[in-house]
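# Fold and geometry: a report
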Amino acid sequence: MTPAPPDPQFSNALASRLDPESRKARANAAGMRALLLALGEQEDAIRQGGGLKAIEGQHGKNRLTARERLTLLLDPGEEFLELGLFAAYGMYEEWGGAPSAGVVTGLGWVAGRLVMVIANDATVKAGAFFPMTAKKVLRAQAIAMENRIPTLYLVDSSGVFLPLQEDVFPDQDDFGRIFRNNAVMSAMGIPQITAIMGMCVAGGAYLPVMTDHVLMTEGSGLFLAGPALVQAAIGQKYSSEELGGATMHAEISGTVDFKEPNDHLCLARLRSLVARLGHRPGAPFDRAAYDPQRDAPKFAAQELYALLDPDPAKATGNSYDMHEVIARLLDRSEFDEYKADYGKTVLCGYGRIGGFAVGIVANQKTHQTHTSQSGEKRVEFGGVIYAESAEKAARFIMDCNQNLIPLIFLHDVNGFMVGRDAEWSGIIRAGAQMVSAVANSTVPKITVIVGGSFGAGHYAMCGKAYDPRFLFAWPTARYAVMSGASAATTLVEVRIRQMERGGKHLSEEEKSQVFASIKAAYDEQTDCRYAAARLWVDAIIDPAKTREVLLTALKAAALNPEVAKFHPGVMQT
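The structure contained in this document is the topic of the report that follows. What you see is a predicted model, and the numbers here were worked out from it, not measured in a lab. Residue numbering note: each chain is counted from 1, following its sequence as written. For a predicted model such as this one, the threshold for reporting local features is a pLDDT of at least 70, and the threshold for listing and counting side-chain atom pairs is 80 or more; totals across whole chains, interfaces and linings nevertheless cover every residue. Values shown for side chains rest on all heavy atoms present in the structure; no hydrogens or waters enter the calculation.

### Some remarks on the pairing of strand β2 (residues 103-110)
Think of it in three bands: with a 1.4 Å probe and only protein chains considered, a residue is buried below 20% of the maximum accessible area for its type, exposed above 50%, and partly exposed in between. Only DSSP runs of H or I covering at least 4 residues are called helices, and only runs of E covering at least 2 are called strands; the numbering of each starts at the N terminus. Most of β2 sits inside the fold, with seven of its eight residues counted as buried. Paired strands, in this sense, are two strands between which DSSP finds at least two bridges. Two elements, strand β1 (residues 81-83) and β2, share three bridges in a ladder whose sense is antiparallel. Its bridge partner lying in β2, Glu-82 is registered against Gly-106. If you look at the hairpin formed by β2 and strand β3 (residues 113-120), you'll find two residues sitting between the two strands, and Ala-111 has a positive phi there, around 50 degrees.

Structure below.
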């Protein structure tokens, strides 16, 4: 049957009231561009790895750097979604730092296939594993496992960074978990291929041999113990090539599958192998036919720069209509809003991104009027989750699970409402419903922190502890238990009482100095780069690229055909 034509009176396309030319919008856009420029300069510095001298040293060994290898490996013209670029940012400074934790990870296209790439950066401490290096590799593997993404390892590492071995070696989420994941991923049927293009020593030598294929370049080394350690341990003296070179492993031990003369030919072989991987069934999510031009949003993505004041002090105070963000993410800006007139501080509804059906859960940042069941009218604060908002969101999340629709969470949340009226409304019970629905959700969840993400609101909106497949942040993202100003006020009161109990009374000027000191330290910890350094977010993204980043994440999620049955558990009603 031919489908009926759409009713000309029906329209679910969002309108936009954003005026990019207004004074406030221009100021916001200028501030955002300045923030992105500064961030870009920091990213460029991080991508230099260990610096020019270390890069020259790598070239002196006739080896390419990790990023040069990626240029040859990945399909030209396709975007590489780098994950964890800011890992270890500002950390390990007593050891000279570890830019990007000494490893490059991300999603890219190889021979037309979406893959996860994990590449040691030998310009950073010879590719040694710092504590954050192990955690970054584990996060990449976790993403690959959840989404069934073929994974490529470009190995060039001297092994564990010995001065910090106690924080790298023994625990459940340390170095050894990587090899455990190799085995689990193999059992799950996730393709894994390793190219050894440098050193691969000690416990790290297990990684390549636990993957499907092992490639190795001439001049590289693969051994459990290097020549110096062998001589010290058992008194035998061998050269690196004799002990664990590519020729030995290709001809004698039979450990490597392909011996290649250099990096260029090794990467060409790797691309050839990826091109022959089989295609497994995809996920059961709906994806409509999609044309990038015809189905683009009605409004320019760059207009998102004008929406928020990027001043950190405005993290909780920005007021804007979240519909403006949604209208610049969804195909044709079409949004079927769920319970639009109820629980209005949380927006829920259906749309598509690149043809993929998605459910949106987003914080509304403008104040909303609400009429209680007794007829009393009140104003509800934007960015705050009230009882009816939480109940609505919980029901919507359950609906998306029932109907196999992936969820997108857009954060700018101050937390749950507090006070007598909120407590009497059952805010704790309603919040528990929302948190429970998020926790037990089995469809893919993708989170974007747009502005503030504070307190239990961070949890309810699918923060890191609630297993989002991906968690991205705009440069304006800030999150913690509470905002810097609120936390500083509380901490200053505690500090002053402690001092007064000790017999010291502070002047107003001294109190101001204590407040400024505490707030500065707290604000630093809420900065998105601080979070990204610790892998609390997977990537800091340009707001104008949010749609394409989400589309890549959805394509990755669609590789996993398995969606567990949704069990909501005990729900407080």
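### Details of the packing of aromatic side chains
Note on aromatic pairs: the rings of Phe, Tyr and Trp (six-membered ring only in Trp) are paired at centre separations within 6.5 Å, and the planes decide the class, stacked below 30 degrees, edge-to-face beyond 60, tilted for the rest. Across all of its chains, the model carries nine aromatic pairs by this definition. Look at Phe-86 and Tyr-89: their rings are 5.3 Å apart centre to centre, the planes differ by 75 degrees, and that puts the pair in the edge-to-face class. For Tyr-89, a relative accessible area of 31% puts it in the partly exposed group. Pairing Tyr-350 with Phe-396 gives two aromatic rings, centres 4.9 Å apart and planes at 50 degrees, and the pair type is tilted. Taken together, the positions of Tyr-350 in strand β10 (residues 346-353) and Phe-396 in helix α12 (residues 387-402) put the pair 46 residues apart, joining distant regions of the chain. Under the relative-accessibility criterion, Phe-396 is labelled buried at 0%.

### With respect to the environment of Ala-268
Within the fold, Ala-268 resides in helix α10 (residues 263-275). Exposure remark for Ala-268: the relative accessible area of 44% places this residue in the partly exposed category.

### Things to note about the pattern of salt bridges
By salt bridge we mean one thing: a side-chain nitrogen of Lys or Arg within 4 Å of a carboxyl oxygen of Asp or Glu. Tallied over the full model, the rule gives 23 salt bridges. Its salt-bridge partner being Arg-294, residue Asp-295 comes within 2.7 Å of it at the nearest N-O pair. On the accessibility criterion, Asp-295 (2% relative accessible area) is buried. The partner of Glu-334 in a salt bridge is Arg-332, and the shortest N-O contact between them spans 3.3 Å. A relative accessible area of 26% places Glu-334 in the partly exposed class.

### Details of unusual backbone geometry
Backbone geometry at Tyr-92 places phi at a positive 55 degrees, although glycine is not the residue there. As for its position among the elements, Tyr-92 is in the loop between β1 and β2.

### Some thoughts on α12
The length a helix should cover is 1.5 Å for every residue beyond the first. Taking 1.5 Å per residue as the helical rise, α12 with its 16 residues ought to reach 22 Å, and the 23 Å between its terminal C-alpha atoms agrees with that figure. Downstream of α12 by a residue or two, Leu-404 has a phi angle that is positive, lying close to 55 degrees.

### Side note on the side chain of Lys-445
Within the secondary structure layout, Lys-445 lies in strand β17 (residues 445-454). For the buried Lys-445, which has no salt bridge, the nearest side chain bearing the opposite charge is Asp-467, at an N-O separation of 5.3 Å. When checking whether two residues touch, look at their non-hydrogen atoms; a contact exists if any pair is within 4.5 Å. The contacts of Lys-445, once residues within four sequence positions are left out, are Leu-407, Phe-409, Val-438, Ala-439, Cys-462, Tyr-466, Asp-467, Pro-468, Arg-469 and Phe-470. In this tally, Asp and Glu contribute negative charge and Lys and Arg positive charge; neither His nor the terminal groups of the chain are included.

### What to know about the state of the cysteines
When two cysteine sulfur atoms lie within 2.5 Å, the pair is treated as a disulfide. Counted under the stated rule, the structure contains zero disulfides. In this structure Cys-462 is not part of a disulfide, and its nearest cysteine sulfur, from Cys-400, lies 12 Å away. With no disulfide of its own, Cys-528 has Cys-462 as its nearest cysteine by sulfur position, at a separation of 19 Å.

### A look at the nonpolar core
Buried residues of nine kinds, namely Ala, Val, Leu, Ile, Met, Phe, Trp, Tyr and Cys, make up a nonpolar core once their side-chain atoms join them within 4.5 Å. One finds Ile-326, Leu-410 and Phe-472 to be the most contacted residues of the largest nonpolar core, which totals 71 residues. At seven residues, the largest contribution of residues to this core is made by helix α4 (residues 131-147). Among all residues touching Ile-326, those that are not within four sequence positions of it are Leu-14, Phe-335, Leu-347, Ile-360, Ala-362 and Leu-410.

### With respect to the packing of α4 against helix α5 (residues 176-187)
When two helices pack together, their arrangement is given by the angle between the helix axes and by the axis-to-axis distance. Only C-alpha atoms enter the line fits that serve as axes; for helices the fit covers just the stretch in contact. Angles between N-to-C directions range over 0 to 180 degrees. Where α4 meets α5, the closest approach of the two axes is 10 Å, and the angle between their N-to-C directions is 15 degrees. As summarised for this structure, α4 and α5 are arranged roughly parallel, according to the angle between their axes. For the element pair α4 and α5, the recorded crossing hand is left-handed. Note on element contacts: α5 touches α4 through Arg-177, Ile-178, Asn-181, Asn-182, Val-184 and Met-185, opposite Ala-134, Val-137, Leu-138, Gln-141, Ala-144 and Met-145. Residues are grouped as follows: nonpolar covers Ala, Val, Leu, Ile, Met, Phe, Trp, Tyr, Cys and Pro; charged covers Asp, Glu, Lys and Arg; every other residue, Gly included, is treated as polar. Residues belonging to the contact of α4 with α5 are distributed by class as follows: eight nonpolar, three polar and one charged. Each angle receives one of four descriptions, namely roughly parallel if under 35 degrees, roughly antiparallel if over 145, roughly perpendicular if within 65 to 115, and oblique otherwise. In this scheme, a crossing is called left-handed if the near helix is turned counterclockwise away from the far one by less than a right angle; it is called right-handed if the turn is clockwise.

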